[in-house]
Protein chains: 2
Amino acid sequence: MPPGLKDVAARAGVSIKTVSNVVNGYVHVAPATRARVQAAIDALGYVPNLAARQLRSGRSGVIALAVPELQSPYFAEIAGLIVQAAERRSWTVLIDQTDGQAERERNLVAGLRRHAIDGLIFSPLALAGEELTQRDGTPMVLLGERVWHGPADHVAIDNTAAASDATRHLTSLGRRRIAAIGVQDRASAVTAHQRLAGYRAAVASAGLRTDPALEMPVEGFHRADGAAAMARLLDAAEPPDAVFCFNDLLALGALRTLLSRGVRVPEDVAVIGFDDIEDGRFSTPTLSTVAPDAPRIAQLAVDLLAERLGDGPAAAGAPRELRVDHRLIVRESTTGATPRP
Amino acid sequence: MPPGLKDVAARAGVSIKTVSNVVNGYVHVAPATRARVQAAIDALGYVPNLAARQLRSGRSGVIALAVPELQSPYFAEIAGLIVQAAERRSWTVLIDQTDGQAERERNLVAGLRRHAIDGLIFSPLALAGEELTQRDGTPMVLLGERVWHGPADHVAIDNTAAASDATRHLTSLGRRRIAAIGVQDRASAVTAHQRLAGYRAAVASAGLRTDPALEMPVEGFHRADGAAAMARLLDAAEPPDAVFCFNDLLALGALRTLLSRGVRVPEDVAVIGFDDIEDGRFSTPTLSTVAPDAPRIAQLAVDLLAERLGDGPAAAGAPRELRVDHRLIVRESTTGATPRP
DNA sequence: TTGTAGGCGTTATCAT
DNA sequence: ATGATAACGCCTACAA
């Protein structure tokens, strides 16, 4: 029904090869011919059929991005940035939501959509280590975690160092009882483990004792989890005077609990988060946090994939680990003053 | 390189047609044959090539969803819900971010990706009315706006009524100077126009006078816009005692300005938003708002598309308009009390 | 510089 | 119940 190479060729009075040459910008086409063909293309509204092209070339021009959930502002931001970076290479991005389910993540790694996708950028939540080995040959770039000698390329910040930075900010403010919200037991919860390690290191190096009662476990990394964990902390015998939350959503939830109970932030309890999502810039008080260089993460992930997809020498090399910067952002929740109504 | 029908056929000692029959669940295949073919499929790890299938069938199994921006929690939520609804029909969703740029939206409507996509669910921002007429035959479902006698199917809430509900909630609380944040001039800003109309209607029917000084224009619908508009309102000669913000992000920004200036919410100024995003359930104070039935919007959009894509009688009918419910959600920002630190 | 022919992996038609 | 074969639309040797 839609016009094909054949139709254009007929209208322009040339062969389909010539039309194909024009479409693909082949140089050796007589100007007059080119003009005639172009006119026919425009008149017919010809658009190349991507399915046919892919069938021939084996390339779809589509890469997949798999994230735990789009609702989470951090992942939504990363997704937007990756789409932009991919666009510069005229790739289309297929966004996949895993909901953190191991089954779905396994499918992805096994190569679910196989022929339909040229590469995969993957932020795993339920899987770690060996399970992340790609079965089919689709190139994959891992996001967000440092998997030790991992089987695939990955790009991440130094989670442990960043967590230490956040915690050290609190100790440098003179806080002595610093809680952590976001602990997770599962072996695959690499983020949580790394941030906990960074927190403990900073606490210890400030000469404070780590206290299991201050390390709060959570189900997920959402506002509700943070709010609940903070409530438990406040109900304990010795409440903290500062809290490091493993992401901003947890921190915003904690903030909610504190403020609704009339606890002053930061006077009574200082709060710092992680991710630098937009919400934290407009909460009351505004939220101190650690900001990963998200635009750079997105750009590097796409670049890495491009290398693997290209036919340069880098295409077949060993897995690479790229480190991205982070920085501490100090706002009211650690150094401000509670406004008096 | 990956195995095809041919390879499976060779291994099972049958023709490719038989393999195809097995793959597609055709009924008339001898059980013994089916078993033999299935064994070969498993052994070889055969996966159908979607490009070839599409080339044949003309169907890709992919629909596109175009939203202004994923960063916006409301659109992120809608996107997640649509992906889930599409999954139930084993469709894949390609998410497209228009950034509200007219050019990109025009491309979409003109049929940018043409052959690659079976249908389009589109939440327009820059385009309206006639410009939304589909040029190629790809079925399209419009989201979020009521375009009068529009050229395509669409599903939306009654924006004007919902805005009136929000405003009426404020008047019923005895507020007399009610501001609106979110006014936009552009002819295409249908949402803003409809919510403004609803606001004015409710103000008038409460026996109050509408006042241009209370109708605040904004660039976009983000927190920063709301914060700035609120600041201007507070600096005016007669500040309002209540504000209706055209979405929750604006409201959260307004909240930030109010609280940082020591204005009590809701005692001094009551605030209500629109969308019911998660942030509003954890802000301090929690945010009163109008909640569209998002899951239903997503489900209906996908169902509508399915009808057009099917070959039933509904596939060719006139454009349909589906109305979705909304409800008022009352929280602390209108009826609570400021906690005293 | 341009044309011809074959094949990418499926599905559909028509035999058998 | 199963097999042979012809498209689907494009690209690329190879030929002219």
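For chain A, an unreviewed UniProt entry supplies the name LacI family transcriptional regulator and the organism Paractinoplanes bogorensis.

Student: Whenever I open this one, the environment of H193(A) confuses me. Can you help?
Tutor: Residues and elements named next belong to chain A. Within the element layout of this structure, H193 appears in helix α8 (residues 190-205). In sequence terms H193 and N159 are 34 residues apart; their C-alpha atoms lie 9.4 Å from each other. For H193, the contacting residues outside a window of four places in its chain are Q184, D185, R186 and A187. Looking at H193, its side chain comes within polar contact range of the main-chain oxygen of Q184, at 3.1 Å.

Student: Is there a simple way to think about the sheet that holds strand β3 (residues 119-122) of chain A in this case?
Tutor: Across a sheet, paired strands are connected by hydrogen bonds in the backbone, their directions being either parallel or antiparallel. All names here are of chain A. Strands sit in the order β2-β1-β3-β4-β5-β11 across an open sheet of six strands; the sheet is parallel. In the strand order of this sheet, the two ends are held by β2 (92-97) and β11 (321-324), each with one partner. With strand direction ignored, the average angle separating the axes of adjacent strands in the sheet is 20°. The pairing of strand β4 (residues 140-143) with strand β5 (residues 153-157) spans three bridges and is parallel. Considered in β5, the bridge of L142 is made with H154. Set on the sheet, helix α5 (residues 73-87) makes contact with β1 (62-67), β2, β3 and β4; between it and β2 the angle comes to about 160°. Across the face of the sheet, helix α6 (residues 102-110) comes into contact with β1, β2 and β3 while running at roughly 150° to β3.

Student: I would appreciate a short explanation of the pairing of β1(A) in the present structure.
Tutor: The two faces of the sheet receive side chains in turn, since in a regular strand these alternate between them. All names here are of chain A. By the criterion of burial, β1 is predominantly enclosed, with six of the six residues buried. Because side chains alternate across β1, one face comprises the buried residues V62, A64 and A66, and the other comprises I63, L65 and V67, equally buried. Note that β1 and β2 share six bridges and pair parallel. Residue pairing for β2: A64 is matched across the bridge by L94. At this point the chain moves from β1, through α5, to the parallel β2, and the crossover so formed is right-handed. Bridge count between β1 and β3: four bridges; the pairing is parallel.

Student: Whenever I open this one, the protein's contact with DNA strand D confuses me. Can you help?
Tutor: Surrounding DNA strand D, one finds 22 residues, the nearest of these being L5(A), T18(B), H28(B), T33(B) and R56(B). Sugar plus phosphate, as a fraction of atoms of DNA strand D within 4 Å of the protein: 69%. Within the backbone of L5(A), an N or O atom sits 2.6 Å from a phosphate oxygen of DNA strand D. For DNA strand D, a phosphate oxygen lies 2.6 Å from a polar atom in the side chain of H28(B). For the surface near DNA strand D, the secondary-structure elements that each account for two or more residues are α2 (16-23) and α4 (50-57) of chain A together with α2 (16-23) and α4 (50-57) of chain B. For the surface near DNA strand D, the residue count by class is nine nonpolar, eight polar and five charged.

Student: Teacher, can you tell me more about the relation of the copies chain A and chain B here?
Tutor: What connects the two chain copies is a rotation about an axis and a shift along it. Here chain A sits on chain B after a turn of 180° about the axis and a move of 0.0 Å along it, with an RMSD of 0.1 Å. A rotation of that kind, with that shift, is consistent with a two-fold axis. The residues that chain A uses at the interface reappear at the interface of chain B in 100% of cases, marking a shared surface.

Student: Hey, could you run me through the interface of chain A and chain B in this one?
Tutor: In many reports, interface size means the accessible area that the parts give up when they come together. Across the boundary between the two partners, chain A contributes 49 residues, which contact 49 residues of chain B. Roughly 4400 Å² of surface becomes buried between chain A and chain B when both sides are summed, with 59% attributable to carbon and sulfur atoms. Our count for the contact surface shared by chain A and chain B stands at eight salt bridges. Note that R223(A) and E278(B) form a salt bridge whose closest N and O atoms lie 3.4 Å from each other.

Student: Sorry, what's going on with the protein's contact with DNA strand C here?
Tutor: Taken together, 23 residues sit near DNA strand C, with S15(A), T18(A), T33(A), L5(B) and Y46(B) positioned nearest. Considering DNA strand C, the proportion of its atoms within 4 Å of the protein that are sugar or phosphate atoms stands at 65%. Taking A30(A), its main chain carries an N or O atom lying 3.0 Å from a phosphate oxygen of DNA strand C. Between DNA strand C and T33(A) there is a distance of 2.4 Å, counted from a phosphate oxygen to a side-chain nitrogen or oxygen. Where the surface near DNA strand C is concerned, the elements lending two or more residues are α2 and α4 of chain A together with α2 and α4 of chain B. Of the residues that constitute the surface near DNA strand C, the class distribution is 10 nonpolar, eight polar and five charged.

Student: I would appreciate a short explanation of the nonpolar core in the present structure.
Tutor: Within soluble globular proteins, side chains that are nonpolar generally end up buried alongside one another. Grouped together as the largest cluster of nonpolar side chains are 157 residues, with contacts concentrated most on I121(A), I181(A), I121(B), V155(B) and I181(B). Once residues within four sequence positions are removed from consideration, I121(A) is found in contact with I63(A), A64(A), L65(A), A66(A), I82(A), V141(A), L143(A), A301(A), V302(A) and L305(A). Listed in part, the 30 residues of the second largest apolar core include V109(A), L120(A), L108(B) and V109(B).

Student: Can you walk me through the packing of helix α7 (residues 159-172) of chain A against α8(A) in this structure?
Tutor: When two helices pack together, their arrangement is captured by the angle between the axes and the distance separating the axes. Residue and element names in this part refer to chain A. Packing of α7 against α8 leaves a shortest axis separation of 7 Å and a crossing angle of 45°. Compared by their axis directions, α7 and α8 come out oblique. α8 is crossed by α7, and the crossing has right-handed handedness. Between α7, through N159, T160, A163, S164, T167 and R168, and α8, the contact on the second element is made entirely by T191, Q194, R195, A197, G198, Y199, A201, A202 and V203. For the contact of α7 with α8, the residue count by class is six nonpolar, seven polar and two charged.

Student: Even after reading the chapter, I still don't get the packing of helix α1 (residues 5-12) of chain B against helix α3 (residues 31-44) of chain B, so can you show me in this structure?
Tutor: All names here are of chain B. Across the interface, α1 lies against α3 with an axial gap of 9 Å and an inter-helix angle of 125°. One finds that α1 runs oblique with respect to α3. The two elements α1 and α3 meet at a crossing, and its hand is right-handed. Contacts from D7, V8, R11 and A12 of α1 reach α3 at R36, V37, A40, I41, A43 and L44. Grouping the constituent residues of the contact of α1 with α3 by class yields seven nonpolar, no polar and three charged.

Student: For this particular structure, what's the right way to read the domain arrangement of chain A?
Tutor: All names here are of chain A. Looking at the assigned domains, one finds that chain A contains domain 1 (5-48), domain 2 (60-157 + 293-325) and domain 3 (159-292 + 328-335). Taken over C-alpha atoms, the centre of domain 2 sits 29 Å from the centre of domain 3. Contacts between the two partners involve 16 residues from domain 2, matched on the other side by 15 residues from domain 3. When domain 2 packs against domain 3, the two sides together hide about 1200 Å² of surface, and 52% of this comes from carbon and sulfur. Where domain 2 touches domain 3, the interface holds zero salt bridges. Run the count over domain 2 and domain 3 and you get five residue pairs in polar contact (both at pLDDT 80 or more). If you list the elements that add at least two residues to the side of domain 2 that touches domain 3, you get α5 and α12 (294-309). Partitioned by chemical class, the residues of the side of domain 2 that touches domain 3 number nine nonpolar, two polar and five charged.

Student: Would you mind showing me how to read helix α9 (residues 223-235) of chain B here?
Tutor: Because the α-helix completes a turn every 3.6 residues, residues three or four places apart line up on one side. With 13 residues, α9(B) ought to run about 18 Å at 1.5 Å a step, and its terminal C-alpha atoms sit 19 Å apart, in line with that. Among all positions in α9(B), only R223(B), D225(B), G226(B), A227(B), A229(B), M230(B), A231(B), L233(B) and L234(B) are buried. Along its buried surface, α9(B) packs onto α11 (279-282) of chain A together with β6 (178-183), β7 (215-217), β8 (242-245), α10 (248-260) and α11 (279-282) of chain B.

Cut-off values and rules
- Residues numbered from 1 in each chain as written.
- Chains lettered and ligands numbered in written order.
- Predicted model: local features only at pLDDT ≥ 70, side-chain atom pairs only at ≥ 80, totals over all residues.
- Heavy atoms only, no water.
- Helix = DSSP H or I, 4+ residues; strand = E, 2+ residues; numbered from the N terminus.
- Contact = heavy atoms within 4.5 Å.
- Polar contact = N/O pair within 3.5 Å; in protein donor to acceptor, adjacent residues only side chain to side chain.
- Pairing = 2+ DSSP bridges.
- Axes fitted to C-alpha atoms, helices over the stretch in contact; angles between N-to-C directions.
- Buried < 20%, exposed > 50% of the residue type's maximum accessible area, 1.4 Å probe, protein only.
- Right-handed = clockwise from strand over helix to strand, strands pointing away.
- Near = heavy atom within 4 Å.
- Nonpolar A, V, L, I, M, F, W, Y, C, P; charged D, E, K, R; others polar.
- Least-squares fit on C-alpha atoms with pLDDT ≥ 70 in both.
- Buried area = accessible area lost by both parts, 1.4 Å probe.
- Salt bridge = Lys/Arg side-chain N within 4 Å of Asp/Glu carboxyl O.
- Core = buried A, V, L, I, M, F, W, Y, C linked by side-chain atoms within 4.5 Å.
- Parallel < 35°, antiparallel > 145°, perpendicular 65-115°, else oblique.
- Left-handed = near helix turned anticlockwise from the far one by under 90°.
- Domains from an automatic or database assignment.
- Expected span 1.5 Å × (residues − 1).

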